Amino acid sequence: MATNKPLVLVPGGTGYTGRSIVNGLLKAGNFRVAVLVRPTSVTKPATEELKASGVEIRVGSLTDDYEKLKQVLKGVDILVSAVDFRVLGEQRELFRAAKEVGVQRVVPCDWATPGARGVRVLTDKKLEIHDYVKELGIGYTIIDVGWWMQLYLPLPLRSKVAQTLKEMSWSLYGSGETKNLLTNLHHIGTWVAKIIADPRTLNKYVIVWEDEATQKYAHELGERISGDGDALKAKRILVSEEQVKKDISEGGAAFAKDPNNILAASKYMGGQYMNSMHFLQENTLENAKRLGYLDARELYPDVPAQSLEEFAKEFYSLPEPGESRLRDW
C-alpha cells in the first residue's frame, strides 16, 4: 500500500522550513517523501538524518539542465519548494519541468507574511513566480505562515548568540501595538500535510497561523516567562518608522553596490519586512483574507493551534532560545 501514497518532493528540505515540512509529512503518514539535495550536500549530517528517517534522497540542483530536472521529478505527484531566498527566481525551470512530467500540484517557496506588490523585493520575486506558475497552467497552492514565533519573542539575557541578533529581538517597532500572525516553525509541516492533501486548496492561497499578537504583548510575555523581568524590559530598543525607512534606504544602496553583502541585504530586506509587518499592518488575518487567502484554522479546526504564551514556555526552557536566529547564510 505504501507505493500508492503520493510522492512529495521537497527542494530545500534540509533547511529550517524544509525540515519542518518533511517532518510534518512523515508524521502524517500519508505520503512518500523525497528531498532534493545538491551534490555537495549528499554527505552532510542533515542529509544523513533525512535518510535515516525514511526520506528518499534525490541529487540535483535548480540550475541543472532541463532534461536532468525532468529526471529528478520522475514519479513525483506534489512538489513543495522550500529553497533558499537567494534562488527564488531559479524555481521557474523546475516548475516547467514539473508541468511536462505530470506533477499534479506545486507549492512555490513562500512561507512568510502576506503582502502586496511594491513593498518588499522578496515578496515581489515570489509574486512573479506565482504569475509564472499560473501561466504554466499547473495545479498550485500558495502557502504563507506569518512570522515565526521563534523570531517574535525577545531573547533572554542568558542567550549566547551575537549581540546584534539579541538586539534585533529586543527591538520594538513603533508603539508595538500592531498585531501579527504567528506560527511555530516546527508546526508548519503539520499544516502543510493537511493543505496539500485537500482538493479545496488546489489553485488557492492559504494562510497558516496559530496566534495573532502584538509585539508589546510578546515582550511582556518574554519578560515574565524568561524570569528576566525588568532587566529584560530595560533592553528594549524603540524603533521608529523613520528609522526603518532610513535602514531600507541605506541598506538598499549598499545592497545595489554589492548583492553579496549580507549585512546590507539584512538591513534592506529586513527593514522592508519590519515596515510591512509593524507599520503597514500587512501581516494580519484581516489583510490575508482581503488578499484572498483561505484560513487554515477554518479549514482544519481539528489541528491544535499553539498560543504564543504556550510557545513562550517552551522557548525559554531551551538551552539556547536563539538557535533559530542562526541562519545558514
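Check the entry above for the structure.
Basis of the calculations
- Residues numbered from 1 in each chain as written.
- Predicted model: local features only at pLDDT ≥ 70, side-chain atom pairs only at ≥ 80, totals over all residues.
- Heavy atoms only, no water.
- Salt bridge = Lys/Arg side-chain N within 4 Å of Asp/Glu carboxyl O.
- Helix = DSSP H or I, 4+ residues; strand = E, 2+ residues; numbered from the N terminus.
- Buried < 20%, exposed > 50% of the residue type's maximum accessible area, 1.4 Å probe, protein only.
- Pairing = 2+ DSSP bridges.
- Right-handed = clockwise from strand over helix to strand, strands pointing away.
- Axes fitted to C-alpha atoms, helices over the stretch in contact; angles between N-to-C directions.
- Phe/Tyr/Trp six-rings, centres within 6.5 Å; stacked < 30°, edge-to-face > 60°.
- Lys NZ or Arg CZ within 6 Å of the ring centre and 35° of its normal.
- Expected span 1.5 Å × (residues − 1).
- Polar contact = N/O pair within 3.5 Å; in protein donor to acceptor, adjacent residues only side chain to side chain.
- Contact = heavy atoms within 4.5 Å.
- Left-handed = near helix turned anticlockwise from the far one by under 90°.
- Nonpolar A, V, L, I, M, F, W, Y, C, P; charged D, E, K, R; others polar.

Undergrad: Teacher, can you tell me more about the pattern of salt bridges here?
TA: Any two side chains of opposite charge can pair, so long as their charged atoms come close to each other. Inspection of every chain in the model, using the stated rule, returns 19 salt bridges. Its salt-bridge partner being K194, residue D302 comes within 2.7 Å of it at the nearest N-O pair. You can see D302 sitting in the loop between α13 (296–299) and α14 (308–315) and its partner K194 sitting in helix α7 (residues 188–195), a full 108 residues away along the chain. For D302, a relative accessible area of 52% corresponds to the exposed category. The partly exposed category is assigned to K194, whose relative accessible area is 30%. Counted as one network, the salt bridges with shared partners bring together E67, K70 and E100.

Undergrad: Sorry if this is basic, but what is going on with the pairing of strand β2 (residues 32–37) here?
TA: Remark: a regular strand shows side chains that alternate across the two faces of the sheet. For β2, the buried fraction is high: five of the six residues fall into the buried class. Relative to β2, strand β1 (residues 7–11) runs parallel, the two being bridged by five bridges. Residue pairing for β2: V10 is matched across the bridge by V35. In this region the chain leaves β1, passes through helix α1 (residues 16–28) and returns to the parallel neighbour β2; the handedness of that crossover is right-handed. Sheet analysis places β2 next to strand β3 (residues 56–59), joined by four bridges and oriented parallel.

Undergrad: Hey, could you run me through the sheet that holds strand β4 (residues 78–80) in this one?
TA: The strands making up a sheet associate through backbone hydrogen bonding, with each pair oriented either parallel or antiparallel. Read across the open sheet, the five strands follow the order β3-β2-β1-β4-β5; overall the sheet is parallel. Of all strands in the sheet, those bounded by a partner on one side alone are β3 and β5 (105–107). Averaged over all pairs of adjacent strands, the angle between strand axes in this sheet comes to 20 degrees, irrespective of strand direction. Direction of pairing for β4 relative to β5: parallel, over a ladder of three bridges. When the sheet's bridge partners are listed, V80 is paired in β5 with V107.

Undergrad: Help me out: how do you make sense of the packing of aromatic side chains in this one?
TA: Here the structure, examined in full by the defined rule, presents six aromatic pairs. Taken together, a centroid distance of 5.9 Å and an interplanar angle of 80 degrees make the contact between Y16 and W148 edge-to-face. With Y16 in helix α1 and W148 in strand β7 (residues 147–148), this pair connects stretches of sequence that are 132 residues apart. Considering the side-chain rings of F311 and F315, the 5.6 Å spacing of their centres and the 35 degrees angle between planes classify their relative orientation as tilted. Of this pair, F311 and F315 are both found in helix α14, four residues apart, which corresponds to roughly one turn of the helix. The ring of Y66 carries the charged tip of R96 above its face, separated from the ring centre by 3.8 Å. Across the ring face of W209, the terminal group of R297 is positioned such that the distance to the ring centre comes to 4.3 Å.

Undergrad: Help me understand the pairing of strand β9 (residues 179–183), please; the structure alone is not making it clear to me.
TA: Judged by how many residues are buried, β9 sits mostly within the fold: four of five residues are covered. Pairing geometry for β7 and β9, over two bridges, is parallel. The residue of β9 that forms the bridge with W147 is L182. Relative to strand β11 (residues 211–214), β9 runs antiparallel, the two being bridged by four bridges.

Undergrad: Can you walk me through helix α11 (residues 262–279) in this structure?
TA: The α-helix winds at 3.6 residues per turn, so residues separated by three or four positions along the chain end up facing the same way. Taking 1.5 Å as the rise per residue, α11 with 18 residues should run 26 Å; its terminal C-alpha atoms sit 24 Å apart, in good agreement. Summarising burial for α11: 13 of the 18 residues are buried, a large majority. One side-chain oxygen at the N-terminal end of α11 lies 3.1 Å from the backbone nitrogen of L263; it belongs to N261. Q281 sits one or two positions beyond α11 and adopts a positive phi of about 55 degrees.

Undergrad: What is the right way to read the environment of I21 from this model?
TA: Counting through the fold element by element, I21 comes out in helix α1. Residue I21 is classed as buried on the basis of its relative accessible area, which comes to 0%. For the pair formed by I21 and L185, sequence separation is 164 residues and the distance between their alpha carbons is 9.4 Å. Residues in contact with I21, not counting those within four places in the same chain, are V10, V80, A82, W111, I188, G189 and V192.

Undergrad: Explain the packing of helix α10 (residues 241–257) against α11 here, please?
TA: Running from N to C, α10 and α11 cross one another at 150 degrees; their axes reach a closest spacing of 7 Å. Taken as a pair, α10 and α11 cross one another with a handedness that is left-handed. The residues of α11 that touch α10, namely those facing E241, V244, D247, I248, E250, G251, G252, A254 and F255, are A264, A265, K267, Y268, M269, G271, Q272, N275 and F279. Here the residues of the contact of α10 with α11 are counted per class, giving nine nonpolar, five polar and four charged.

What is shown is where atoms sit, not what they do.
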